[in-house]
Amino acid sequence: NVEGNPAGLEELRALGVPGVPALALPDGRVVHGWNPPGYAALVGVEYRPPVQFSPAELAGRLDRILSLTARLMLPLPPEALAHKPAKRDRDLLNLGFHVFRLSLAFADGMDLGEFPETWLQERAPADFKDGAAVARYGALVRGRLGGWFEGAADSEYARTIRVYYGPQSGHDLLERTTWHAAQHLRQLHVVATELGVALPDPLPVAAFEGLPMPASLW
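Residues numbered from 1 in each chain as written. Predicted model: local features only at pLDDT ≥ 70, side-chain atom pairs only at ≥ 80, totals over all residues. Heavy atoms only, no water.

Participant: Help me understand the overall build of the protein chain in this model?
Facilitator: On a plain count of helices and strands, the protein chain comes out with eight helices and five strands. Looking at the protein chain as a whole, 44% of its 218 residues are labelled buried. Sequence separation of at least 24 residues holds for 66% of the intrachain contacts in the protein chain that already meet a minimum separation of 6. Split by element, the accessible area of the protein chain, about 11500 Å² in all, is 55% carbon and sulfur. Averaging the coordinates of the 20 positive side-chain charges in the protein chain and doing the same for the 25 negative ones gives two points 3 Å apart. (Helix = DSSP H or I, 4+ residues; strand = E, 2+ residues; numbered from the N terminus. Buried < 20%, exposed > 50% of the residue type's maximum accessible area, 1.4 Å probe, protein only. Contact = heavy atoms within 4.5 Å. Areas by Shrake-Rupley, 256 points an atom, 1.4 Å probe, with all protein chains shown as cover. Lys, Arg positive; Asp, Glu negative; His and termini not counted. Charge placed at Lys NZ, Arg CZ, Asp CG, Glu CD.)

See the structure below:
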């Protein structure tokens with residue numbers, strides 16, 4: 001955990017690693033990025049990759065997650081939109097925006113061949129004053145992604161993208177994008193419910209099944 005730990009981050013950089021995730025051994029060998037096969041080889045264990053959903057299945061799930069996120073944002077009152085969960089730097093308005101921005105970043109990354117971390121650090125524009133503004137942005141993102149998926153050949157998902165946490169295939173990046181959006185929808189739903197907001201839809205558990213989501217909410 002290098003957050004708030006400059007010495008730990010400098011130790012990684014001395015090994016040629018720009019940031020986490022990374023696995024380093026005392027002998028100086030290191031693997032950077034989300035790279036389970038590389039981790040397994042580093043420590044000498046067998047790696048059996050999990051079965052992935054097809055790109056079409058992932059695209060469908062992602063669209064459903066984005067649709068439900070937009071519907072969730074609409075009834076949030078100002079006090080809920082301004083609420084920041086404990087130890088988090090995003091209020092719910094920016095968390096909702098982030099769900100759509102990270103999803104749009106998939107298409108941008110596939111088109112450009114690289115995916116910088118700065119895309120995920122963007123905040124909602126200043127004129128986003130309510131959940132409806134976030135939902136309208138979400139509709140634009142869904143349209144962009146729908147067009148991208150419709151035109152994408154199977155070979156697109158085999159390409160390697162230069163992602164800030166390490167090289168990823170298009171298929172792996174789509175999987176991560178889907179579960180990343182799903183995890184934040186889960187957070188939004190739980191926090192809004194705790195704040196007493198009546199939401200239009202139950203938590204879409206079926207859309208989450210089989211995705212490699214974190215066990216914990218945060």
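Participant: What's the story with the pairing of strand β5 (residues 166-169) in this structure? I'm lost.
Facilitator: A regular strand carries its side chains on alternate faces of the sheet. Note: strand β4 (residues 160-163) against β5, four bridges, orientation antiparallel. Paired with V163 across the two strands is G166, which belongs to β5. Joining the antiparallel neighbours β4 and β5 is a turn of two residues. (Pairing = 2+ DSSP bridges.)

Participant: Can you walk me through helix α7 (residues 170-194) in this structure?
Facilitator: Counted at 1.5 Å a residue, the expected span for α7 with its 25 residues is 36 Å, and the 36 Å between its end C-alpha atoms agrees. The buried count for α7 comes to 20 of 25 residues, which makes it a mostly enclosed element. Directly after α7, the chain includes G196, whose backbone phi takes a positive value near 85°. (Expected span 1.5 Å × (residues − 1).)

Participant: Would you mind showing me how to read the packing of helix α3 (residues 55-73) against α7 here?
Facilitator: When two helices pack together, their arrangement is given by the angle between their axes and by how far apart the axes lie. Relative to each other, α3 and α7 sit at 25°, their axes nearing to 9 Å. Regarding the angle of α3 to α7, the classification is roughly parallel. In this structure, the crossing between α3 and α7 has a hand that is left-handed. Here P55, L58, A59, R61, L62, I65, L68, T69, L72 and M73 of α3 lie close against α7, whose contacting residues are H171, L174, E175, T177, T178, A181, A182, L185, L188 and H189. Classifying every residue of the contact of α3 with α7 by side-chain character gives 13 nonpolar, five polar and two charged. (Axes fitted to C-alpha atoms, helices over the stretch in contact; angles between N-to-C directions. Parallel < 35°, antiparallel > 145°, perpendicular 65-115°, else oblique. Left-handed = near helix turned anticlockwise from the far one by under 90°. Nonpolar A, V, L, I, M, F, W, Y, C, P; charged D, E, K, R; others polar.)

Participant: Can you help me understand the packing of aromatic side chains in this one?
Facilitator: A ring pair, where both rings are aromatic, is described by two values, the distance of the centres and the angle of the planes. In the structure shown here, the tally under the stated rule is eleven aromatic pairs. Arranged with centres 6.0 Å apart and planes meeting at 65°, the rings of F128 and Y137 form a pair that is edge-to-face. We note that F128, like Y137, is buried. Taken together, the ring pairs connect F97, F100, F128 and Y137 into an aromatic cluster. Over the ring of F53 we find R61, and its NZ or CZ is 4.1 Å from the ring centre. (Phe/Tyr/Trp six-rings, centres within 6.5 Å; stacked < 30°, edge-to-face > 60°. Lys NZ or Arg CZ within 6 Å of the ring centre and 35° of its normal.)

Participant: Just checking my understanding: could you explain the nonpolar core for this structure?
Facilitator: Side chains of a nonpolar character, in soluble globular proteins, are inclined to be buried together. Core analysis: the biggest nonpolar cluster contains 56 residues, and L76, F106, F128, L145, W148, F149 and L173 have the highest contact counts within it. Going through the elements one at a time, α3, α4 (78-81), α5 (92-112), α6 (131-151), β4, α7 and α8 (205-208) are the ones with two or more residues in this core. (Core = buried A, V, L, I, M, F, W, Y, C linked by side-chain atoms within 4.5 Å.)

Participant: What is the right way to read the environment of S216 from this model?
Facilitator: Tracing the chain through its elements places S216 in the segment after α8. Separated by 161 residues in the primary sequence, S216 and P55 place their C-alpha atoms 26 Å from one another. Once residues within four sequence positions are removed from consideration, S216 is found in contact with Q183 and R186.

Participant: What is the right way to read the pattern of salt bridges from this model?
Facilitator: Two side chains bearing opposite charge may form a pair once their charged atoms approach each other closely. With the rule as written, the count across this model stands at 13 salt bridges. Close ionic contact of R61 with E57 constitutes a salt bridge, the shortest N to O distance being 2.8 Å. One end of the pair, R61, and the other, E57, are both in helix α3, four residues apart, so they sit about a helical turn from each other. For R61, a relative accessible area of 12% translates into the label buried. According to the relative accessible area criterion, E57 is partly exposed, its value standing at 34%. Close ionic contact of D201 with R71 constitutes a salt bridge, the shortest N to O distance being 2.7 Å. You can see D201 sitting in the loop between α7 and α8 and its partner R71 sitting in helix α3, a full 130 residues away along the chain. Given a relative accessible area of 37%, R71 falls into the partly exposed group. (Salt bridge = Lys/Arg side-chain N within 4 Å of Asp/Glu carboxyl O.)

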